[in-house]
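The lines below spell out each chain.
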Amino acid sequence: LEFRNALEAVWELISKANVCIDREKPWALYNSGDMEKLGSVLYSVLETGRIVLNMLHPFIPSAAEQMLRQLGAPETGGSDLPDRAKWGGLVAGNPLGELAPVFVKRKVQKQTPEKPAPSNKKKEKGDKVVKPEIAIDDFAKVQLVVGEITNAEPVEGSQKLLKLAVDIGDEVRQAVAGMREFYEPDEMVGKKVIFLANLAPAKIFGIESQGMILAAEGGGIVSLLSIDKDVPIGSGIR
């Protein structure tokens, strides 16, 4: 059940097949007219591909089956993987299936904007980023509350992240913030901050972040947004 190790083993086999192609140079065999060795090399590559596709079938079943049909290979069902991975599954002389791209790169159709597109001129240093206007109903969806940071510690393996515990009145939330360059962990403990409480949880560096503290950024400085009066923890922001 160690899926990552399984995929790494399959990729190692693919790499060795690529080395084989580079070493045997089937294009050179074709140009020299050595069709017997050319056939042997191409069979080896295609049979390796068939075995690889059987190994990948649990991960990408639809794509693997499509490619196996293009190779003219037997169906994957009805036998265990060790049997399907035995050498010699492709029979010489069998026709290939219909060839078609398996992974198609889709083009996104750009819509013509109703309003004139913004200028592509590079912004000068200090220019503000102007975002689209929103209605008051949009802002009403945002739940901002007063929170107090009760604990802060560095995220192991990260030079920028801190893991915070933020008391928002009725519960303590865990949040991950990129503040390590600007605040020492002990310096953040006890600060009252503005906390975005209804932000969907997200994994950051493997840690679940259950909200976001607000901060101002400019001139290479990041500063926590705080309040100037001692209002209770959990108070709403309007």
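Here, every reference points to the structure presented above.
Report on the accompanying structure. (Residues numbered from 1 in each chain as written. Predicted model: local features only at pLDDT ≥ 70, side-chain atom pairs only at ≥ 80, totals over all residues. Heavy atoms only, no water.)

**What about the packing of helix 1 (residues 3-24) against helix 3 (residues 35-56)?**
Geometrically, a packed helix pair is captured by the angle between its two axes and the distance between the axes. One can describe the packing of helix 1 onto helix 3 by two numbers: an axis separation of 10 Å at closest approach and a directional angle of 170 degrees. Taken together, helix 1 and helix 3 sit at an angle that is classed as roughly antiparallel. Both helix 1 and helix 3 take part in a crossing whose hand is left-handed. Contacts from Leu7, Val10, Leu13, Ile14, Ala17, Ile21 and Glu24 of helix 1 reach helix 3 at Lys37, Val41, Val45, Thr48, Val52, Met55 and Leu56. Residues belonging to the contact of helix 1 with helix 3 are distributed by class as follows: 11 nonpolar, 1 polar and 2 charged. (Axes fitted to C-alpha atoms, helices over the stretch in contact; angles between N-to-C directions. Helix = DSSP H or I, 4+ residues; strand = E, 2+ residues; numbered from the N terminus. Parallel < 35°, antiparallel > 145°, perpendicular 65-115°, else oblique. Left-handed = near helix turned anticlockwise from the far one by under 90°. Contact = heavy atoms within 4.5 Å. Nonpolar A, V, L, I, M, F, W, Y, C, P; charged D, E, K, R; others polar.)

**Side note on the environment of glycine 234**
Locating glycine 234 in the fold gives a position in the segment after strand 9 (221-224). Beyond its immediate stretch of four places on either side in the chain, glycine 234 contacts Val145, Val146, Ile168 and Gly169.

**Quick notes on a nonpolar patch on the surface**
Taken together, the side chains of Leu1, Phe3, Leu7, Phe59, Ile60 and Phe103 present a nonpolar region at the surface, about 670 Å² in accessible area. For leucine 7, a relative accessible area of 35% puts it in the partly exposed group. (Patch = residues over 30% accessible without salt bridge, like charges linked within 9 Å, V, L, I, M, F, W, Y side chains within 5 Å. Areas by Shrake-Rupley, 256 points an atom, 1.4 Å probe, with all protein chains shown as cover. Salt bridge = Lys/Arg side-chain N within 4 Å of Asp/Glu carboxyl O. Buried < 20%, exposed > 50% of the residue type's maximum accessible area, 1.4 Å probe, protein only.)

**Section: the pairing of strand 4 (residues 192-196)**
Counting buried positions along strand 4 gives 4 out of 5 residues, so the element sits mostly inside the fold. In terms of strand pairing, strand 4 meets strand 7 (residues 212-213) through 2 bridges, oriented antiparallel. In the strand pairing of strand 7, phenylalanine 195 is matched with isoleucine 213. (Pairing = 2+ DSSP bridges.)

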